[in-house]
Each structure stands twice: as C-alpha cells, then as structure tokens.
Amino acid sequence: MRTLKLNEDSSKLANEVISDLKSSPSLELFKCIQCGMCTSLCPGARYSDYNPREMVKRVLDGDESVVFDDNIWNCFYCYTCNSVCPANNSASVVNQILRQMAINKGEQTERLAAFLTYGDSFLEIGIGSIPAAFFDVLVNDFGPEWLDLKMNLDSVRKDLGLGQVTLPEESIEEIDKILNVTGFTKKMGKIRGSK
C-alpha cells in the first residue's frame, strides 16, 4: 500500500517529464483523463503487463518507482497511444523519458547491451549500420541474396551511378568529435562497463 506524505509535491515527477528535452511543448501530460484509450490499442499492453494508462497515472501521482518498473520496457514506441489520446498526451514520449531516467540512474543498462553494436557503428564509420551479429538472422529471413548484396553494395551502387555508402575520413572524424562532445561516447562506455 502506498503511503501519502503530507507536503510532498506529487507533481515533481510529472514536471520533470515535461521539462525533459525529449518532451514536446505539445505534450499534455496534465490533461490525461485516464480514459484508457492508450492502453486499449497498445500492442505492448496486449502482450505484456505494460499499461500506458497506469504508467501515466503513476507519473501524475508522483510515484517515482515507475522509473524502475520492468514493464515500461515493453513499449514498442509505435505511438498508437499518442494517435488515439483525446487529450494529446503521448504515453510513448513519457515512457522514453522514464527509461532515460532509469538509465541515468544506472538502472536497466543491461537492456541496452544489444544496441551497443549500433552505437559502435556510429563510432567506427560515422553512420548507422546493421551489426554483423545480426547477419545470420537476416540471411535466414531474406536468403543468401541479402548477404551477397551487403558484401557487394559498393559495386552495386557504382553500377547504378551512386556514390559509396561509406563517409570520407574527415566526416567520420567530425562525427567522432560530435559524439564525444555530446556525451555519446562516454555513455557507450558507461553502458558497456555495466554489462
């Protein structure tokens, strides 16, 4: 049972969500009427215990334990919740901010380990790329032609009169500087260290 504390600002968490950089000025978190439209069409709610309506209610109630709730990791970010909300709220955006809060507190970083290879791609070649660890799965899904295309992409692009996919070295260095200044590289190391 949750205990209410007198003089406790229950809107603190909601205000943190609204003031987050990921939050849109049009996010109407405080206008949530708890109608449940978001949950009724949410694929994450359909196949797990994730409940966007409840998540938003907990944020509005100032229940900071929602940041550490495993269920918030079942959101697919499909934004269906946003598209049906009569109050123009977005449980998906709220969810993203809660997840980032958990990560910033050093929680749930093991969930990001699978995505490190995407980050490595930015660090190594300056663009996003499908990690080699997924090649076998893609060959299974699309057939050996996929791997043939992947391995010969530069020559295929040349035949089509297109430039190379890879960036020039100076662009990769510039992107590397941006990733360092923005804290991306440090965050990658932090996540890697927490595995």
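Residues numbered from 1 in each chain as written. Predicted model: local features only at pLDDT ≥ 70, side-chain atom pairs only at ≥ 80, totals over all residues. Heavy atoms only, no water.

So, the overall build of the chain
Broken down by element type, the chain carries 12 helices and 0 strands. Beginning at the N terminus, the succession of helices and strands in the chain can be written as α-α-α-α-α-α-α-α-α-α-α-α. In summary, the chain has a C-alpha radius of gyration of 21 Å against a globular reference of 16 Å for 195 residues, an excess of more than 25%. Sorting the 195 residues of the chain into buried and exposed places 31% on the buried side. About 12,500 Å² of surface is accessible on the chain, with carbon and sulfur atoms providing 56% of the total. Side-chain charges of the chain comprise 21 positive and 27 negative groups, with the mean position of each set lying 6 Å from the other. (Helix = DSSP H or I, 4+ residues; strand = E, 2+ residues; numbered from the N terminus. Rg over C-alpha atoms; globule rule 2.2 N^0.38 Å. Buried < 20%, exposed > 50% of the residue type's maximum accessible area, 1.4 Å probe, protein only. Areas by Shrake-Rupley, 256 points an atom, 1.4 Å probe, with all protein chains shown as cover. Lys, Arg positive; Asp, Glu negative; His and termini not counted. Charge placed at Lys NZ, Arg CZ, Asp CG, Glu CD.)

A look at the nonpolar core
Formed by 30 residues in total, the largest nonpolar core has its most connected members in V17, L29, M55, V59, V66, V94 and L98. Where this core is concerned, the elements lending two or more residues are α1 (12-19), α4 (52-60), α6 (91-104) and α12 (184-193). For this core, the element with the highest residue contribution is α6, accounting for 8 residues. Of the residues that make up this core, three or more belong to each of domain 1 (11-105) and domain 2 (110-194). Each residue touching V17, except ones within four places of it in the same chain, is listed here: S23, L27, L29, V59, V94, I97, L98 and M101. (Core = buried A, V, L, I, M, F, W, Y, C linked by side-chain atoms within 4.5 Å. Domains from an automatic or database assignment. Contact = heavy atoms within 4.5 Å.)

Observations concerning the environment of G128
Tracing the backbone through its elements, the reader meets G128 in the loop between α7 (116-125) and α8 (135-142). Residues G128 and T117, spaced 11 residues apart in sequence, show a C-alpha to C-alpha distance of 9.4 Å.

With respect to the packing of α7 against α12
Where α7 contacts α12, the axes come no closer than 11 Å and their chain directions differ by 145°. The element α7 and its partner α12 pack so that their crossing is left-handed. Packed against α7, whose contacting residues are L116, G119, D120 and L123, the element α12 presents F184, T185, M188, I191 and R192 at the interface. Considered class by class, the residues forming the contact of α7 with α12 number 5 nonpolar, 2 polar and 2 charged. (Axes fitted to C-alpha atoms, helices over the stretch in contact; angles between N-to-C directions. Left-handed = near helix turned anticlockwise from the far one by under 90°. Nonpolar A, V, L, I, M, F, W, Y, C, P; charged D, E, K, R; others polar.)

Considering the domain arrangement of the chain
Many descriptions give the size of an interface as the accessible area lost when the pieces come together. Domain parsing of the chain yields domain 1 (11-105) and domain 2 (110-194). For domain 1 and domain 2, the distance between their C-alpha centres works out to 30 Å. Taken together, the contact pairs 5 residues of domain 1 with 4 residues of domain 2. Applying the counting criterion to the domain 1 and domain 2 interface returns 1 salt bridge. In this structure, D70 and R111 form a salt bridge, with 3.5 Å as the shortest nitrogen-oxygen distance. Between the two partners, domain 1 and domain 2, sit 1 residue pair in polar contact (both at pLDDT 80 or more). Among the residues making up the side of domain 1 that touches domain 2, the classes are represented as 2 nonpolar, 2 polar and 1 charged. (Salt bridge = Lys/Arg side-chain N within 4 Å of Asp/Glu carboxyl O. Polar contact = N/O pair within 3.5 Å; in protein donor to acceptor, adjacent residues only side chain to side chain.)

Comments concerning α4
When we look at burial in α4, the residues that qualify are P52, M55, V56, R58 and V59. Projected onto a plane normal to the axis of α4, the buried residues spread over an arc of 160° and lie on a single side. (Arc of directions from axis to C-beta.)

Section: the packing of α1 against α6
Following both chains from N to C, one finds α1 and α6 inclined at 100°, their axes separated by 10 Å at the closest point. Classed by the angle they form, the pair α1 and α6 counts as roughly perpendicular. Residues L13, E16 and V17 of α1 form the contact with α6, whose own contacting residues are V94, I97, L98 and M101. For the contact of α1 with α6, the residue count by class is 6 nonpolar, no polar and 1 charged. (Parallel < 35°, antiparallel > 145°, perpendicular 65-115°, else oblique.)

Points about a negative patch on the surface
On the surface, a cluster of negative charge is contributed by E169, E170, E173, E174 and D176. Position of E174 among the secondary structure elements: in helix α11 (residues 169-181). (Patch = residues over 30% accessible without salt bridge, like charges linked within 9 Å, V, L, I, M, F, W, Y side chains within 5 Å.)

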